[in-house]
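Chains, contacts and geometry: an overview
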Amino acid sequence: DTGVSQDPRHKITKRGQNVTFRCDPISEHNRLYWYRQTLGQGPEFLTYFQNEAQLEKSRLLSDRFSAERPKGSFSTLEIQRTEQGDSAMYLCASSSNTDTQYFGPGTRLTVL
Amino acid sequence: AQSVTQLGSHVSVSEGALVLLRCNYSSSVPPYLFWYVQYPNQGLQLLLKYTSAATLVKGINGFEAEFKKSETSFHLTKPSAHMRDAAEYFCAVSAGPTGFQKLVFGTGTRLLVSP
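In this report, the structure presented in the accompanying data block is examined. Just so it is clear, the structure is predicted and the values come from calculations on it, not from any experiment. By convention here, each chain's residues receive numbers from 1 onward along its written sequence. The order in which chains are written sets their letters, starting at A; the order in which ligands are written sets their numbers, starting at 1. Local features in a predicted model are, by the rule used here, given only for residues with pLDDT of at least 70; side-chain atom pairs are given and counted only at 80 or more, and totals for whole chains, interfaces and linings are based on all residues. Hydrogens are left out, water is left out, and the side-chain values use all remaining heavy atoms of the structure.

In this section: the state of the cysteines. Cysteine sulfur atoms are paired as a disulfide whenever they fall within 2.5 Å. Taken as a whole, this structure holds two disulfides over all chains when the rule is applied. In this model, Cys23(A) is linked to Cys92(A) through a disulfide, with the two sulfur atoms separated by 1.8 Å. On the sign convention where negative is left-handed, the bridge of Cys23(A) and Cys92(A), at about -65° about the S-S bond, is left-handed. Here Cys92(A) lies in strand β9 (residues 88–95) and Cys23(A) lies in strand β3 (residues 19–24), a separation of 69 residues in the sequence. Assessed through its relative accessible area of 0%, Cys23(A) is described here as buried. Burial status follows relative accessibility: with a 1.4 Å probe on protein chains alone, a residue under 20% of its type maximum counts as buried, one over 50% as exposed, and anything between as partly exposed. With a relative accessible area of 0%, Cys92(A) lands in the buried category. Cys23(B) shares a disulfide with Cys91(B); S-S distance 2.0 Å. Strands here are runs of E lasting at least two residues and helices are runs of H or I lasting at least four, both read from the DSSP assignment and numbered beginning at the N terminus.

Following this line, the structure appears as structure tokens:
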């Protein structure tokens, strides 16, 4: 059990560019979650997968955001045409059929 | 719907003093409650969780929390603070163990520990 990993840890981009983040969950965890955390706030739910199926998306997830989990293992979160308001820490978590979500270290996005 | 309120964005204690971080919840169903800790530029680490079993829950690093349904509270305590406890603490609630388990977090409490 190596824990949840995220790549990259930091990303600086210019407004209008596209970015993609990757999350590798704990092996055999069938649930994967994305959260966003802005400065001074708690994490806010973005979306959730059970295996490869995306079961719910928050209204925070605008049309510029898309998430995939093609084979039920790793997941990617893409932001198109980034805006300065997208600057945040993007956290990934995974869980099995229990009630505990295990979080990765996060990807910190800065949009200039 | 679920929500969490954490009273006090900052709490300062001296090393060796009692730590008390407050969390009140609102839930339309029996809640599952969690405390997570976040160190600078890191993800969240689970401290402890309440899942409808014992109301007094013991976690890692000497922390514990008590679920009080009548007060809708789940306050986090530690008898004696250490410098290494300085971090951000988040209380969170979910609707239960089965099916979809979105976590709803509070805004966090930063714990400052002075020598």
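Picking up where we left off.
Frequently, the measure chosen for interface size is the accessible area removed from exposure when the parts meet. Contacts: residue pairs with any heavy atoms within 4.5 Å of one another. With 21 residues of chain B at the contact, the number on the chain A side is 21 residues. Once two parts are joined, some of their accessible surface, as seen by a 1.4 Å probe, is lost; buried area is that loss totalled over both. Roughly 1,700 Å² of surface becomes buried between chain B and chain A when both sides are summed, with 52% attributable to carbon and sulfur atoms. For this analysis, a salt bridge means a side-chain nitrogen from Lys or Arg found within 4 Å of a carboxyl oxygen belonging to Asp or Glu. On the surface where chain B and chain A come into contact, there are zero salt bridges. Throughout this description, a polar contact denotes any pair of N or O atoms lying within 3.5 Å of each other; where both atoms belong to protein, one of them has to be capable of donating a hydrogen while the other can accept it, and for residues adjacent in sequence the pair is counted only when both atoms sit in side chains. Our count for the contact surface shared by chain B and chain A stands at five residue pairs in polar contact (both at pLDDT 80 or more). Elements supplying a minimum of two residues to the side of chain B that touches chain A: β4 (32–38) and β5 (44–50) of chain B. Top contributing element to the side of chain B that touches chain A by residue count: β4(B), with four residues. When residue character is reported, Ala, Val, Leu, Ile, Met, Phe, Trp, Tyr, Cys and Pro are called nonpolar, Asp, Glu, Lys and Arg charged, and the others, Gly included, polar. When the residues that make up the side of chain B that touches chain A are grouped by side-chain class, the tally is 10 nonpolar, nine polar and two charged.

All right, on to the pattern of salt bridges then. According to the stated counting rule, one finds six salt bridges over all chains in the structure shown. Across the pair Glu83(A) and Arg64(A) runs a salt bridge whose closest N-O atoms are separated by 3.4 Å. A residue pair is termed long-range when its members are at least 10 positions apart, and Glu83(A) in the loop between β8 (75–79) and β9 and Arg64(A) in the loop between β6 (53–57) and β7 (65–68) qualify at 19 residues. A salt bridge links Glu64(B) to Lys58(B); the shortest N-O distance between them is 2.8 Å. Overall, the relative accessible area of 63% leaves Lys58(B) in the exposed class. Connected through shared salt-bridge partners, Arg64(A), Glu83(A) and Asp86(A) make up one network.

Residue and element names in this part refer to chain B. Residues of strand β7 (residues 64–68) alternate between two faces, with Ala 65 and Phe 67 buried on one and Glu 64, Glu 66 and Lys 68 left unburied on the opposite face. Across three bridges, strand β6 (residues 56–58) lies against β7 in antiparallel orientation. Within β7, the residue paired with Val 57 across the bridge is Ala 65. Between the end of β6 and the start of β7, which pair antiparallel, lie five residues, with Asn 61 showing a positive phi angle near 60°. Here five bridges tie β7 to strand β8 (residues 73–78), and the two strands are oriented antiparallel to one another. Each residue of the ladder has a partner; that of Phe 67, found in β8, is Phe 74. Only strands joined by at least two bridges in the DSSP assignment are considered to pair. Taken together, β7 and the strand that follows it, β8, pair antiparallel across an intervening segment of four residues, in which Thr 72 is found at a positive phi of about 45°.

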